[in-house]
Amino acid sequence: RNAMSGHLRNLPHMKRLKNLHLYQNGFVGSIPESLFELPNLEVLFLSSNLLTGEIPPSVTGAQQTLKSLYLSDNKLQGQIPTELCGLYKLEDLFIDTNDFSGSLPTCLGSLSNLKKLYAFKNRFTGDVPSVLLNLPNLVEVGIEENDLTGGVNQVCAWGRGLNIWADCSELDDGCDCCERCCSDLDSSC
């Protein structure tokens, strides 16, 4: 862990900033909306802090540039805002190990550049949108330790080389093509 802590402050004066790596610190409070106003921001790495609240709707301010959004291992909550689906350059979306709830938005299927989606260890419910799992560049999906109920086996029938980690026993239709089937008894997930 690093030694930085406190609230994240506004950084609008850092116009040329491309990569912001503030992971493994003790930052608290919500994600400042001004971070998404940085005109050249490509990577925002805020994992492993103590951030709370929701992903702000102002996330769309980064739609022209943001390629990687890492929010893993915080205390974020609420539903995934549909504004996140406007980040059309996004390649990596790590929202795992938080307290997000609701369904995985179908509009995530519009993120055609998405390669990795880690959404495990949250409280997501419902089916996994097939349009999401059919994204052309998607190679890894981690959805275990949620309350998801189906939508994965349809993707298995497509025969794509997609690595999926899921709670196969909780999915209504199972997961014949999952890379790893997780359960409460499997500590390797």
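Refer to the structure above for everything that follows.
Just so you know, these numbers come straight off a predicted model, no measurement behind them.

Procedures and definitions
- Residues numbered from 1 in each chain as written.
- Predicted model: local features only at pLDDT ≥ 70, side-chain atom pairs only at ≥ 80, totals over all residues.
- Heavy atoms only, no water.
- Helix = DSSP H or I, 4+ residues; strand = E, 2+ residues; numbered from the N terminus.
- Contact = heavy atoms within 4.5 Å.
- Buried < 20%, exposed > 50% of the residue type's maximum accessible area, 1.4 Å probe, protein only.
- Pairing = 2+ DSSP bridges.
- Axes fitted to C-alpha atoms, helices over the stretch in contact; angles between N-to-C directions.
- Polar contact = N/O pair within 3.5 Å; in protein donor to acceptor, adjacent residues only side chain to side chain.
- Salt bridge = Lys/Arg side-chain N within 4 Å of Asp/Glu carboxyl O.

1. Points about the side chain of Asn122
Then comes step 1: You can see Asn122 is positioned in the loop between strand E10 (116-118) and strand E11 (123-127).
Then comes step 2: Once residues lying within four places of it in the same chain are set aside, the contact partners of Asn122 are Ile95, Asp96, Thr97, Asn98, Asp99, Phe100, Glu145 and Asn146.

2. Points about unusual backbone geometry
Then comes step 1: Phi is positive for Gln24, which is not a glycine, with a value near 55 degrees.
Then comes step 2: Considering the arrangement of structural elements, one finds Gln24 in the loop between strand E2 (19-21) and strand E3 (26-29).
Then comes step 3: You will see that Thr97, though not glycine, has its phi angle at about 55 degrees, which is positive.
Then comes step 4: When you line up the elements, Thr97 lands in the loop between strand E8 (92-94) and strand E9 (99-102).
Then comes step 5: Thr97 sits in the partly exposed class, given a relative accessible area of 23%.

3. Concerning the sheet that holds strand E7 (residues 75-78)
Strands pair in a sheet through their backbones, by hydrogen bonds, and they do so in one of two ways: parallel or antiparallel.
Then comes step 1: With respect to topology, seven strands assemble into an open sheet ordered E1-E3-E5-E7-E9-E11-E13, the strand pairing being parallel. Of all the strands in the sheet, just strand E1 (5-7) and strand E13 (147-150) have a single pairing partner and so form its edges. For this sheet, the mean angle separating the axes of adjacent strands, direction not counted, is 15 degrees.
Then comes step 2: Pairing of E3 with strand E5 (residues 50-53), which is carried by two bridges, proceeds in the parallel orientation. Bridged to Val28 within E5 is Leu50.

4. Topic: the side chain of Asn98
Then comes step 1: Along the chain, the position of Asn98 falls in the loop between E8 and E9.
Then comes step 2: A polar side-chain atom of Asn98 sits 3.2 Å from the main-chain amide nitrogen of Asn74.
Then comes step 3: Look past the residues within four positions of Asn98 in its chain and what remains in contact with it is Leu71, Ser72, Asp73, Asn74, Lys75, Leu76, Lys121 and Asn122.

5. A few points about the pattern of salt bridges
Then comes step 1: Per the stated rule, a full pass over the model turns up two salt bridges.
Then comes step 2: The closest approach of N and O atoms between Glu91 and Lys115, which form a salt bridge, is 3.9 Å. Within this pair, whereas Glu91 is found in the loop between E7 and E8, its partner Lys115 is found in the loop between E9 and E10, the two being separated by 24 residues in sequence.
Then comes step 3: On the basis of relative accessibility, which here comes to 37%, the residue Lys115 falls in the partly exposed class.
Then comes step 4: Asp99 serves as the salt-bridge partner of Arg123, at 2.7 Å between the closest nitrogen and oxygen. In this pair, Arg123 sits in strand E11 while Asp99 sits in strand E9, placing the two residues 24 residues apart along the sequence.

6. Looking at the environment of Asp73
Then comes step 1: With respect to the helices, strands and loops of the structure, Asp73 is situated in the loop between strand E6 (68-70) and E7.
Then comes step 2: In this structure Asp73 comes out as partly exposed when scored by relative accessible area, which is 37%.
Then comes step 3: The sequence separation of Asp73 and Phe94 amounts to 21 residues, and the corresponding C-alpha distance is 9.3 Å.
Then comes step 4: When residues no more than four places from it in sequence are discounted, the contact partners of Asp73 are Ser48, Asn49, Asp96, Thr97 and Asn98.

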